[in-house]
Amino acid sequence: MRADRSPSTFDCQARGSIALWLGPLALAGVLIAAGMSEALGVPIRSWPVWVEWLPWVVGLAVLGMPHGAFDHEIGPLLRRLSGRDRSGSLKAHLAFASGYLLLMAAVLLVWWVAPGLALALFLIAAALHFGQGDLVWSRPLRVAGGRIDRLAFLLTRGCVPIVLPVLAFPDLFGEALARFGGQTTASGGPPPPPLPQGTAAWWTAWLLVGGASLTQLIRGVSLASRRADLRRDIAAELGETALLWASFALVPPILAMGVYFHVWHALRHVERIADLAAPGRRPGVLATLGWFLKRTWPTNTAAFLLMGGLGWLAWDRIREPTDLGFLALAFLSAVTIPHLIVVAAMDRFQGVWSVKPVGSGGSIV
Ligand SMILES: CC1=C(/C=C/C(C)=C/C=C/C(C)=C/C=O)C(C)(C)CCC1
Ligand SMILES: [Fe+2]
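What counts and what doesn't
Residues numbered from 1 in each chain as written. Chains lettered and ligands numbered in written order. Predicted model: local features only at pLDDT ≥ 70, side-chain atom pairs only at ≥ 80, totals over all residues. Heavy atoms only, no water. Helix = DSSP H or I, 4+ residues; strand = E, 2+ residues; numbered from the N terminus. Buried < 20%, exposed > 50% of the residue type's maximum accessible area, 1.4 Å probe, protein only. Contact = heavy atoms within 4.5 Å. Areas by Shrake-Rupley, 256 points an atom, 1.4 Å probe, with all protein chains shown as cover. Near = heavy atom within 4 Å. Polar contact = N/O pair within 3.5 Å; in protein donor to acceptor, adjacent residues only side chain to side chain. 1 Å grid on protein atoms, 1.4 Å probe; cavity = no way out; pocket = protein on both sides within 12 Å on 5 of 7 lines; lining within 4 Å. Sits in = over half its atoms within 2 Å of the grid points. UniProt positions renumbered as here; feature names shortened; annotations may be inferred. Bend = angle between axes of the 7 residues up to and from the residue. Axes fitted to C-alpha atoms, helices over the stretch in contact; angles between N-to-C directions. Parallel < 35°, antiparallel > 145°, perpendicular 65-115°, else oblique. Nonpolar A, V, L, I, M, F, W, Y, C, P; charged D, E, K, R; others polar. Donors = N, O, S within 2.8 Å, 3.2 Å for Na, K, Ca; no water.

**So, the overall build of the protein**
(1) Moving on: Within the protein, the regular secondary structure consists of 14 helices and zero strands.
(2) Moving on: Secondary structure elements of the protein, listed N to C terminal, follow the sequence α-α-α-α-α-α-α-α-α-α-α-α-α-α.
(3) Moving on: Across the 365 residues of the protein, 50% fall into the buried class.
(4) Moving on: Restricting the contact set of the protein to residue pairs at least 6 apart, pairs at least 24 apart contribute 78%.
(5) Moving on: Surface exposure of the protein reaches about 16,900 Å², of which carbon and sulfur atoms provide 72%.

**Focus: the site of ligand 1**
(1) Moving on: What surrounds ligand 1 is a group of 19 residues, the closest being His67, His129, Phe261, His265 and Thr336.
(2) Moving on: The separation between an oxygen atom of ligand 1 and a polar side-chain atom of His129 is 3.2 Å.
(3) Moving on: Contact distances for ligand 1 include 3.3 Å between an oxygen atom and a side-chain N or O atom of His265.
(4) Moving on: Across the complex, the protein chains shield 99% of the 540 Å² of accessible surface that ligand 1 would expose by itself.
(5) Moving on: Using a 2 Å cut-off from the grid points, one finds that ligand 1 occupies the largest pocket.
(6) Moving on: Put simply, the parts of the chain that give the shell around ligand 1 at least two residues each are helix H5 (115–135), helix H8 (170–180), helix H12 (253–277) and helix H14 (321–349).

**Quick look at the UniProt feature "binding site: Fe cation" (unreviewed entry) in the protein**
(1) Moving on: Taking the numbering used here, the UniProt-annotated feature "binding site: Fe cation" (unreviewed entry) corresponds to His67, His129, His265 and His269. In summary, the annotated positions, though distributed over 203 residues, converge in three dimensions, the widest C-alpha pair being only 12.8 Å. Lining the largest pocket, out of the annotated residues just given, are His67, His129 and His265.
(2) Moving on: The residue His67 is located in helix H2 (residues 49–68) in this model.
(3) Moving on: Beyond its immediate stretch of four places on either side in the chain, His67 contacts His129, Phe261, His265, Ala266, His269, Val270, Phe292 and His339.

**Quick word on helix H13 (residues 285–313)**
(1) Moving on: At Thr296, H13 shows its largest kink, close to 60°, and the proline Pro298 lies no more than four residues downstream.
(2) Moving on: All of the buried residues in H13 are Val285, Thr288, Leu289, Phe292, Thr296, Asn300, Ala303, Met307, Leu310 and Gly311.
(3) Moving on: For H13, the elements touching its buried residues are helix H1 (18–39), H2, helix H4 (90–113), H12 and H14.

**Some points on the packing of H4 against H5**
(1) Moving on: The contact between H4 and H5 brings their axes to 6 Å, and the two run at 135°. Regarding the angle of H4 to H5, the classification is oblique. Between H4, through Val110, Trp111 and Val113, and H5, the contact on the second element is made entirely by Pro115, Leu117, Ala118, Leu119 and Phe122.
(2) Moving on: Partitioning the contact of H4 with H5 into residue classes produces eight nonpolar, no polar and no charged.

**Description of the coordination of the iron ion (ligand 2)**
(1) Moving on: In the first shell of the iron ion (ligand 2), the protein supplies His67 (NE2), His129 (NE2), His265 (NE2) and His339 (NE2), at 2.0 to 2.2 Å from the metal.
(2) Moving on: Written as a sequence motif, the donor arrangement for the iron ion (ligand 2) is H-x61-H-x135-H-x73-H. With His265 in helix H12 and His339 in helix H14, the pair connects residues that are 74 residues apart, well separated along the chain. For the residue pair His265 and His339, the accessibility class agrees, reading buried in each case.

Below, the structure is given as structure tokens:
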């Protein structure tokens, strides 16, 4: 795919990079494996639970956690790119770290006292964050999209991986809630799903995910009919959205999310940072990842130590190995809030939301 070399600061030039294709390829692979398994008479819902957690076990230390472990360097990087002092003072670093840790502590406190509220907040934050992670890569939106196009794109790319599994696999999220809350399901029967079928909240969720997707589809097709030069990119983006729909409606969410979060979301973020820190550099996915891991290993290690501390605090709530997985998710939710804010600062710097005036190839909505 062609890179756009416009002087815009919204300038992720690596649209053609293989890193952007690995996520869709991995999800397509899981979808094909799931289809074959069903065809052979082995329902995917009967797959052993370790298969579902495997991408988390393999990916968390080398992709999932490190992608956020660069957050403290984003400020200095953006300052350097805008020609200001690069390093930032020790005071600024300490203020950043305290703010980050305080936000994390606040989220964990909410998990402790009100798991239902914490799960809702986590899912909303994750949806916004997944959406923003994809939005920056959209060349059609950069050159010709209005604010509504961007919003529809962000909501679609965010809500499909989050809202769709809550609707398609309600029992799992009831169970997740029970695990986060540390209750046993045996004592009070099966836990209720967070969004019971047919309620107003359930319909609103469908409306959100369906409405956003339809808007992306209709506006994408209409833009493609006007702009032949964007047709290929728009088709690729709609294809990606369709793949997300299929994956998150059909594949068990822990597995689908494990593959998506690491190979799609985190890898794109690593690529975005590599692009910003060293534009024009194309050393390949593994070399980029190696560079990134070398830069982030101290904060990555610190994050795992903190997570270990959380496990120690919550030890009496851990009953089986998968509870550790849910604990890791609670920890992830705590880092998601400050991480979302850091990425919003990157979005602002790169002009992700700034719409080109009509006449320069853009449209204002
Ligand atoms: C709660 C929950 C899930 C959601 C996980 C999410 C939403 C992770 C998001 C991580 C982010 C946004 C990290 C920061 O970049 C699963 C695994 C689907 C199923 C079990 C319960
Ligand atoms: Fe992220």
